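Each chain, written out:
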Amino acid sequence: MRSASGASDAPDPAMTSTTNTPLEAGAPRGAAVYFDGTSSARNDVVVEAGASGLRILAGRRAGQGGDHVLDEWSYGELQRMSAPEGVLRLGRRGETLLARLEIRDPALAAAIEDRAETLDRGGAAERRLRRKVVGLSFAAAASLIVTAVFGLPALASRIIPFVPLAVEHKLGDAIDKNVHAALDSRHLGAGFACGSAPGETAGRAALDTLVAKLEAAADLPFPLRVEVVRRAEPNAMALPGGRIYVDDGLIAKAQTPDELAGVLAHEIGHVAHRDGTRTVLQTAGLSFLFGMMLGDFVGGGAVVIAARTVLKSSYSRRVEAAADAYSVDLMEKAGGDPHALGAILKRIVADKDQGMKLLLDHPETKDRIAAIEAVAVAGTPMPLLDAADWSALKQICAPLPVNATGNAAVH
Amino acid sequence: MIAPTAGAVTFLGREAAYWRLRIKGAGLLMLTLGIYRFWFATDVRRYLWSSTEIGGETLEYTGLATELLGGFLLAIAIVGPLYTTIALAALALGTTGMAIAGIGVLVLVLLSQFALYRARRYRLTRTVFRGVRFDQHGSAWRYAIYALPWWMLAIATLGLAYPWAQASLQRFKMHHTSYGDLQGSFAGSGSALFLRGLPIWLLVVGPIIFAFVALGRMVDWNALNGMMADDENNPLALLAGSAGINVFFLAAAALGASVIAAVLLYPLFAGIMLRWWISGLRFGTVTVQSHLSTAQVYRIYLRFVLFVLPFLLVVAGAGAVCAILSSALVGSSRDSMAAEFFAGAITLAIYVVIVLGASTIYQVVVTFAMWRHGAQSAELFGADALGCVRASGAPDSALGEGLADALGVGGI
């Protein structure tokens, strides 16, 4: 072992483990720089490319000074290290010491590369490996995309049974505060929900009758909590944990109790399928795939957002189609008209411009209606509410007193 | 054979080769949606390291792409559950959940600093010079806890404390850095950096502060309060009413002046920072002095503008042609989802080409050139000491790099 004296140009023969091995006749040799890995001292050496390995000899030029052998490296353990152009930098494979040999002499470098197969002359093996890496990276990206499109929804369905009902219940309660505030865009406060004012209780009772009939026919993980709210939009929505909001505007558009029941059954489908939990799981999975695993490069943010948006819409379309099918099924079980949902859909959304198809969160309305009407109905459906109850339900939202609305509109 | 000057730092990199490396890497990043980045980063580091020559010997990067990939996967396994826990706590537990989420965000910020420190350690222990590796010791958590207040102070003082924060953090890092048994340190002073940077700060942040003060004087706050109490809820209209159009004019002028000053002075700032950092580096008795000239830095940034503008024009032109072609091709089936997908994908691809292309141009024309000129203009004193260093240290895992990557704070 050499000391760190640093005076490397004329190595002291006493310090080297000298064995006066005879040099191989005719073996290529040349000047090189050697670092022994224990110190940063630079050693100008002569390297001889022998039959089985490199011999590193002290001394500036071949034949000058004592040809002391500083080290011997076999060809099998040689490893090419990164170096600037025109330099062959060698290290030893599997060695904790970072001993290095730097060869600038092109003839010597070529001779060594000829003898040591592991050095991958011309870099063909490296290029082959790199092509493999690119191919595998590409395959990994493709497989993650396929996982996002098909695997995630399937995985979510498998996981849902293991998510405790109490968790979904809590999730629903947490979301409900925000949803309630967002729905109540006119800031009606206590007047937002219908069914509790004196003139509205009959309507509430009729609604309860209708919900009870549907609930009895369904097999639900949660008790339903249906509420009618003062909103002009003809819409309804289900939250995680069994809460359903029905907009006043939907009741106004419904011409028969079964049309309203059809929409309710669709929302009950979301409750039965635990779609709130499903959406949370799918969104989390998407964030993981497109955010952590994929898209981490400059400009990748846009790719991530686009992919998430398109995929979320596609998940949503599948969920909505399943809820439609559930509605048809449930209406039939409850003895109502399964096609009524198609009728009210036709009236509400058929002539609306729906924008980009890629970004739709529901399937196209004409496809939904076609799917609903394609189901054959056995037997004659009976309206789920009688005329008196239906007319009461139509009035579940009594007109608000003028001063109340006037005041509410300002704040 | 010419004996190399002991104190000379040279940069051997060729821009043409670096262009090839960067463009090929950018293309593969796009195709693999970023998965290729571990290999790309490793290639780039290998090239930069082995192109940097100090006293006749080049640096060597010994890191492997597979190590970075492993570090990233490990980091995902840590960060993933952490994110989930924070999100679930915030959702399920109400007020206490919000507190837990707040603590979680703090943990994430600390973890980012932890990651940056550990990533630096990875890179240093993978940097070999003359057969001896660099090393970084010290606890990364200590660094994170030390760095957090400095960054908060720098933000709270609108950047005025930034020089002292930088000096202090560089001192921390360099005091825990060594080359073999040669102990590193940092001699740059926060006050000196502050004095250099103060004129820039005044020109960039000054107009905005001035505008705020002036607005405070121009607006009749009593009248405004009165009108707010009267339940009129359009303060902007009131501002215009009470102080006239002058208020808007002043705000726009101040913002404009600030932005123009920031753009024009950024190269000056970048030059000051690089010069200050290089001149502050110490290893044992080895000292460095940077002679980087400001004019040179301005030439680098000017060149970037000259490269990026034609690039944007070309891509915009190509994008327009693509749009016309695609609408002609799929025009008949406009309403199909495939047509929408096709059009969307083209728009997205053009956006990615623009952003990734501009970033590639920046990396070659600015970062590469700054590396070159930073190295070439550095002068080493007492560099003989670099020739008698004893090896020490062992390579570190790539967890830090992976965490920095997963948290989006890393530079890989």
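Our subject is the structure that appears above.
Overview of the structure. (Residues numbered from 1 in each chain as written. Chains lettered and ligands numbered in written order. Predicted model: local features only at pLDDT ≥ 70, side-chain atom pairs only at ≥ 80, totals over all residues. Heavy atoms only, no water.)

Points about the pairing of strand 5 (residues 78-81) of chain A
Side-chain positions along a regular strand alternate between the two faces of the sheet. As paired strands, strand 5 of chain A and strand 6 (residues 88-92) of chain A are joined by 4 bridges and run antiparallel to one another. Counterpart to A:Arg80 in the pairing with strand 6 of chain A is A:Leu90. (Pairing = 2+ DSSP bridges. Helix = DSSP H or I, 4+ residues; strand = E, 2+ residues; numbered from the N terminus.)

Digging into unusual backbone geometry
Positive phi, normally seen in glycine, also occurs at A:Arg274, with a value near 55°. Within the fold, A:Arg274 resides in the loop between helix 6 (257-272) and helix 7 (275-289). Located in the positive-phi region is B:Leu158, a residue other than glycine, with phi close to 55°.

A look at the side chain of A:Ser40
Secondary-structure assignment places A:Ser40 in the loop between strand 1 (29-35) and strand 2 (43-49). Taking the relative accessible area as the measure of exposure, A:Ser40 reaches 0% and is therefore buried. Separated by 3.3 Å, the side chain of A:Ser40 and the backbone nitrogen of B:Cys388 make a polar contact. Once residues lying within four places of it in the same chain are set aside, the contact partners of A:Ser40 are A:Phe35, B:Arg130, B:Val132, B:Tyr179, B:Leu386, B:Gly387, B:Cys388 and B:Val389. (Buried < 20%, exposed > 50% of the residue type's maximum accessible area, 1.4 Å probe, protein only. Polar contact = N/O pair within 3.5 Å; in protein donor to acceptor, adjacent residues only side chain to side chain. Contact = heavy atoms within 4.5 Å.)

Structural notes on the pattern of salt bridges
Evaluated as defined, the whole model comprises 35 salt bridges over all chains. For A:Arg80, the salt bridge is made with A:Glu113, and the minimal N-O distance between the two is 2.8 Å. Here A:Arg80 is found in strand 5, whereas its partner A:Glu113 is found in helix 1 (residues 106-115), with 33 residues between them in sequence. One salt bridge in this structure joins A:Arg231 and A:Asp247, with 3.3 Å as the shortest N-O distance. With A:Arg231 in the loop between strand 8 (225-229) and strand 9 (236-238) and A:Asp247 in strand 10 (residues 243-247), the pair connects residues that are 16 residues apart, well separated along the chain. Summarising the burial analysis for this pair, A:Arg231 and A:Asp247 share the class buried. By sharing partners, the salt bridges in this structure join A:Arg89, A:Arg100, A:Glu102, A:Arg104 and B:Glu60 into a single network. (Salt bridge = Lys/Arg side-chain N within 4 Å of Asp/Glu carboxyl O.)

Considerations on the state of the cysteines
Working definition: the covalent bond between the sulfur atoms of two cysteines is a disulfide. Residues and elements named next belong to chain A. According to the stated counting rule, one finds 1 disulfide over all chains in the structure shown. A disulfide bridge connects Cys194 with Cys397, and the sulfur atoms are separated by 1.8 Å. Because the sign of the S-S torsion sets the handedness, a value of about 95° for the bond joining Cys194 and Cys397 places this disulfide among the right-handed ones. Pair noted here: Cys194 is in the loop between helix 3 (165-183) and helix 4 (201-217) and Cys397 is in the loop between helix 11 (387-394) and helix 12 (402-410), with a separation of 203 residues, a long-range link. The same class applies to Cys194 as to Cys397, namely buried. (Disulfide = S-S within 2.5 Å.)

Here we look at the interface of chain B and chain A
Residue-level contacts link 57 residues of chain B with 53 residues of chain A. Counting the surface lost from both chain B and chain A, the interface buries some 4700 Å², and carbon and sulfur atoms represent 61% of this. Counting every contact that joins chain B to chain A gives 6 salt bridges. Between B:Glu60 and A:Arg100 there is a salt bridge, and its shortest N-O distance comes to 2.7 Å. (Buried area = accessible area lost by both parts, 1.4 Å probe.)

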